[in-house]
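# Structural overview
So you can see what is in the structure, the chains are spelled out below.
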Amino acid sequence: KCAQKAVHIMPRIPWVLPRLVPVPQTESSPAFVPIDTAIYRRTRDLGAPNQENPPSLEQEDVNKKKHAFIRSLVGTQKQSILGIPSDDHLPPHVAISDTYLDRVANGKIDVVH
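Calculation rules
- Residues numbered from 1 in each chain as written.
- Predicted model: local features only at pLDDT ≥ 70, side-chain atom pairs only at ≥ 80, totals over all residues.
- Heavy atoms only, no water.
- Helix = DSSP H or I, 4+ residues; strand = E, 2+ residues; numbered from the N terminus.
- Buried < 20%, exposed > 50% of the residue type's maximum accessible area, 1.4 Å probe, protein only.
- Contact = heavy atoms within 4.5 Å.
- Areas by Shrake-Rupley, 256 points an atom, 1.4 Å probe, with all protein chains shown as cover.
- Salt bridge = Lys/Arg side-chain N within 4 Å of Asp/Glu carboxyl O.
- Expected span 1.5 Å × (residues − 1).
- Arc of directions from axis to C-beta.
- Polar contact = N/O pair within 3.5 Å; in protein donor to acceptor, adjacent residues only side chain to side chain.
- pLDDT = per-residue confidence, 0-100.

Assigned secondary structure in the protein consists of three helices and six strands. Taken from N to C terminus, the helices and strands of the protein fall in the order β-β-β-β-α-α-β-α-β. By the burial criterion, 27% of the 113 residues in the protein qualify as buried. Residue pairs in contact within the protein that sit at least 24 positions apart in sequence constitute 65% of those at least 6 positions apart. Total accessible area on the protein stands at roughly 7800 Å², and carbon and sulfur atoms take up 54% of it.

The following block contains the structure:
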């Protein structure tokens, strides 16, 4: 037997990302790529320090850029089931799941903030 319902207690609202995300399609690339591929190729663009990109942005600005990038990946329609993170000055909390938001919407998971 398994539980009919779960309670998830969280201090902050996470971005819930699917395992695969859409990308602009070209002849040589698929329409969807794994989430880690989409995120890791953007590391340099998000203010991560390296030889080509020294740390020059304030951490708050870097965090806001990270939130904006994640928002561009997942949108806000389905994320609104859980809520849109409003603390974009803090580093984003992220969960990766294809079914979590559906289970919240169906009442299988109760979320407590």
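We are not done yet, so read on.
In this structure, His67 sits in helix 2 (residues 59–74). In this structure, His67 is in contact with Trp15, Pro85, Asp87, Asp88, Leu90, Pro91 and Pro92, ignoring residues within four places of it in sequence.

Enumeration over the complete set of coordinates arrives at four salt bridges. Across the pair Asp110 and Lys5 runs a salt bridge, and its minimum N-O distance is 3.5 Å. Placement of Asp110 in strand 6 (residues 109–112) and of Lys5 in the segment before strand 1 (6–9) is noted, with a sequence separation of 105 residues between them. Here Lys5 falls in the partly exposed class, since its relative accessible area comes to 48%. The partner of Asp87 in a salt bridge is Arg12, and the shortest N-O contact between them spans 2.6 Å.

Compared with the 22 Å implied by 1.5 Å per residue over 16 residues, the 23 Å span of helix 2 between its first and last C-alpha is a close match. Residues Val62, Asn63, His67, Phe69, Ile70 and Leu73 constitute the buried set of helix 2. Buried residues of helix 2, viewed axially, fall in a sector of 160°; they line one side. Tucked into the core, helix 2 has its buried residues touching strand 2 (15–17), strand 3 (20–22), helix 1 (35–40) and strand 5 (94–96). Where helix 2 ends, the next residue or the one after it, Gly75, has phi of about 75°, a positive value.

Position of Asp87 relative to the elements: it lies in the loop between helix 2 and strand 5. There is a polar contact of 2.6 Å between the side chain of Asp87 and the side chain of Arg12. When sequence neighbours within four positions are dropped, the list of residues in contact with Asp87 reads Arg12 and His67.

The next thing to look at is the confidence of the model for the protein. Per-residue confidence for the protein averages 81 on the pLDDT scale, and 79% of its residues sit at or above 70. Confidence scores differ between elements of the protein, with helix 1 showing the lowest mean pLDDT of 77 and strand 1 the highest of 94.

This next bit is on the environment of Ser86. Note on placement: Ser86 falls in the loop between helix 2 and strand 5. Under the relative-accessibility criterion, Ser86 is labelled exposed at 68%.

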